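Residue strings, one per chain:
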Amino acid sequence: MIFSAFLKCLFLLLILFAGSVSTFQVQLQQDNQEPRISTENGIIGGFDNSGVYTFKGIPFAQPPEGNLRWKEPQPVQDWDGVLETKGFRNMCMQLPVFGDMNFRASGMSEDCLYLNIWSPAKSADEKLPVLVYYYGGGFIAGDGSEGRYDGESMARNKGIISITVNYRLGIFGFYAHPDLSAESPNNSSGNYGLLDQAKALQWVKDNIAAFGGDPHNITIAGESAGSIAVSALMASPLSRDLIAGAIGESGSILGALPPVSLEEGERNGAAFADNLTAASINELRSLPAEELLQAAGQPGTPRFAPTVDGYFFPKAPLAIFEAGEQADVPLFVGWNSQEMNHRMIMGDDDPNPEKYAEKIRGLYGEHASRVMELYPGSSTDEVLQSATDLAGDRFIAFSTWKWSDLHSKTGSSPVYRYYYAKPRPPMKEKYAGQQPGLAGGMQDAEEPEEESESISGPEGAVHAAEIEYIMGNLHHNDVFAWTEDDVRVSDIFQNYAANFVKNLDPNGAGVPEWSAINHGETPKIIYINEETRLIDEIHRERYRFLDRLSGAETE
């Protein structure tokens, strides 16, 4: 009889539990304008954008202001009632360095640790794949509100929960100082922006099931500094166990924006404080954010780099990857055909063979002859192409190759490498007098020098050009006169990315076959252009040579 009563109570509890789940599902389906989600810290309210539930400006950490400036991100404090998340919040403190980023943020503030979610799930039990995207901008600029990163297309068209994340930048995100290390429970300083990224990833892991996501199928992605961040998150013990897959577009911590030793970071930080005549960290924390931002932007101020702090990075990221201690997850990675302009090598000099050879001798000394073999320059056209290639490799392509090469050797997971070469189409007529900027968007065109008016250099995919294509966001960029070819390339590139997020493999119906570089006798890469095809690995000798020069040959 007691057992019968127990079964009856259990049955009633099951009915009540089923009813609560049903209520959640019906709420999402019927209350389209006001979806409600219960997170670990309280209820948030978003909006229904025709079947994509959108939540903008969700706090994942306390505002890093006042005494929390230059501290590890702290847990969000619980709230009562419904927190409305219907609009982008503040972007993190930054100067208009690039002058061409298109933000939709509500303002700029140290109070900026927010993330944005686009979910097509109609219930909490769908277990959809999750994409977490980190913006680029050299760790000094950028924001999760930028239209090129918008997650609606991935959610609506590919069935993926898509997320963008804000993280601290510049002096606010990467300032190291001996006193900061001394007050830290981890004896570290300088990696606050990376710690923000890891904190957001942990928040997603803990909460995404309520949005219909699978906490065990989270792929992280990013471009440029965002790609560098992805490689860093793979290396860190604070985040590597949270990741199912990784997508890197142009850049890795293994050469681009590399970390410095904690000691070097502290010296730079102490010198900066001395220049401000700040006697203590408390005095620095008391300075208004705008004043600190302007001071850090003065000529001659050293770069505030990530640090090998013994906490986020227990040792140098290169050593972590060489030892195979990084997250052993599938990697989708590549770079563009024109990451940098030939003037990065040639400066204001004419791109003739004599000047090119002179530049190479100045850069490489005794190694100049080998460089000339790998990047030949016997004619103006050849100089333009080789100077462009070398500039791009030095800027960011080599570090991306290094990441893919090491991970394919020390990890057991597949590595899919791409080479993106689709040039953007011409700009719309209304943008006459402007030019594309390095980080996207537009800026005033520079007046061409008379002797260089006819020299345009090779045509290719410039740095950051792929973002709108891979995220399905051509419509968010009104600058270019997109064609059917652009739409077709975007469809293929986005399908590869979506397949990878879903299945940790870019292959699927409707896209050319793409094999991993560490599978099969001959490494293959996918060449993405108007004709996308699988080709043998290219430029390997260039990168092996640069690797030897760096003193980090992996073979």
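In case you missed it, the structure is sitting above this.
Just so it is clear, the structure is predicted and the values come from calculations on it, not from any experiment. (Residues numbered from 1 in each chain as written. Predicted model: local features only at pLDDT ≥ 70, side-chain atom pairs only at ≥ 80, totals over all residues. Heavy atoms only, no water.)

**Regarding the pattern of salt bridges**
Here is the rule: The working definition used for a salt bridge is a side-chain nitrogen of Lys or Arg within 4 Å of a carboxyl oxygen of Asp or Glu. In DSSP terms, a helix is any run of H or I states spanning at least four residues, a strand is any run of E spanning at least two, and both are numbered starting from the N terminus. The rule is simple: take the accessible area with a 1.4 Å probe, protein chains only, and divide by the maximum for that residue type; under 20% is buried, over 50% is exposed, in between is partly exposed.
Summed over all chains, the structure comprises 28 salt bridges. Put simply, Arg542 and Asp393 hold a salt bridge, and the shortest N to O gap is 3.0 Å. Within this pair, whereas Arg542 is found in helix H17 (residues 540–549), its partner Asp393 is found in helix H14 (residues 380–410), the two being separated by 149 residues in sequence. Judged by its relative accessible area of 9%, Arg542 falls in the buried class. Note on Asp393: relative accessible area 3%, which makes it buried. Here the salt bridges do not stand alone but share partners, grouping Asp405, Lys409, Arg417, Glu537 and Arg540 into one network.

**Examining the packing of aromatic side chains**
This is how it is decided: Any Phe, Tyr or Trp ring, taking Trp's six-membered ring, that has another such ring centre within 6.5 Å forms a pair; planes under 30 degrees apart are called stacked, those over 60 apart edge-to-face, and the others tilted. Note on geometry: a ring has a charge over it if NZ (lysine) or CZ (arginine) is within 6 Å of the ring centre and within 35 degrees of the ring normal.
One pass over the full model with this rule turns up 27 aromatic pairs. Measuring from centroid to centroid gives 6.3 Å for Trp203 and Phe211, while their planes differ by 55 degrees, and the two rings are tilted. Its relative accessible area of 3% is what places Phe211 among the buried residues. Members of the aromatic cluster, connected to one another through ring pairs, are Phe332, Tyr416, Tyr418, Tyr420, Tyr469, Phe480, Trp482, Phe493, Tyr496, Phe500 and Trp514. The positively charged end of Arg69 is found above the aromatic ring belonging to Trp70, 5.6 Å away from the centroid.

**Things to note about the environment of Pro302**
Relative to the helices and strands, Pro302 resides in the loop between helix H9 (289–296) and strand S12 (307–308). Between the alpha carbons of Pro302 and Ala271 there is a distance of 9.3 Å; along the sequence they are 31 residues apart.

**Observations concerning the pairing of strand S17 (residues 524–528)**
What counts, and what does not: Here, any two strands with at least 2 DSSP bridges between them count as paired.
Of all five residues that make up S17, four are buried, and the element is covered over most of its length. Judged from the three bridges that link them, strand S14 (residues 415–420) and S17 form a sheet pairing that is parallel. Of the residues in S17, the one forming a bridge with Tyr420 is Ile528. As judged from the four bridges shared by S17 and strand S18 (residues 533–536), these two strands associate in the antiparallel manner. Across the sheet, the residue bridging to Ile525 is Ile535, located in S18. If you look at the hairpin formed by S17 and S18, you'll find four residues sitting between the two strands.

**Structural notes on the packing of H14 against H17**
The condition is simple: Note on geometry: axes are C-alpha line fits, over the in-contact stretch for helices, and angles between N-to-C directions span 0 to 180 degrees. Small angles under 35 degrees read as roughly parallel and large ones over 145 as roughly antiparallel, with 65 to 115 read as roughly perpendicular and the rest as oblique. Whether two residues are in contact is decided by their heavy atoms: any pair within 4.5 Å suffices. In this classification, the charged set is Asp, Glu, Lys and Arg, the nonpolar set is Ala, Val, Leu, Ile, Met, Phe, Trp, Tyr, Cys and Pro, and all remaining amino acids, among them Gly, are polar.
At a minimum axis separation of 9 Å, H14 and H17 run at an interaxial angle of 90 degrees. Judged on the interaxial angle alone, H17 and H14 are roughly perpendicular. When H14 is examined against H17, the residues Asp389, Asp393, Ala397, Phe398, Trp401, Lys402, Asp405 and Lys409 are found in contact with a partner set consisting of Arg540, Arg542, Tyr543, Arg544, Leu546 and Asp547. Among the residues forming the contact of H14 with H17, the class breakdown is five nonpolar, no polar and nine charged.

**Topic: unusual backbone geometry**
Phi at Trp70 is positive, roughly 60 degrees, even though this residue is not glycine. Residue Trp70 is classed as buried on the basis of its relative accessible area of 2%.

**Quick notes on the sheet that holds strand S2 (residues 42–45)**
In space, the three strands of this open sheet follow the order S1-S2-S5, with mixed pairing throughout. Two strands bound the open sheet, and with one partner strand each, they are strand S1 (36–39) and strand S5 (82–84). Between one strand axis and the next, the sheet turns through 35 degrees on average, direction left out of account.

**Comments concerning the environment of Pro353**
Position of Pro353 relative to the elements: it lies in helix H12 (residues 353–364). The class of Pro353 is partly exposed, set by a relative accessible area of 22%. Residues Pro353 and Ser378 lie 25 residues apart in sequence; the distance between their C-alpha atoms is 5.5 Å. Not counting residues within four places of it along the chain, the set of residues in contact with Pro353 comprises Gly377, Ser378, Ser379, Thr380 and Val383.

**Structural notes on the sheet that holds strand S3 (residues 47–49)**
Strand order in the open sheet formed by eleven strands is S3-S4-S6-S8-S7-S9-S10-S13-S14-S17-S18, with mixed pairing between adjacent strands. On the outer flanks of this sheet lie S3 and S18, each paired with one strand and no other. For this sheet, the mean inter-axis angle between neighbouring strands, taken without regard to orientation, is 25 degrees. Inspection of the sheet shows strand S13 (residues 331–336) paired to S14 by six bridges, in the parallel sense. If you follow Leu331 over to S14, its bridge partner there is Val415.

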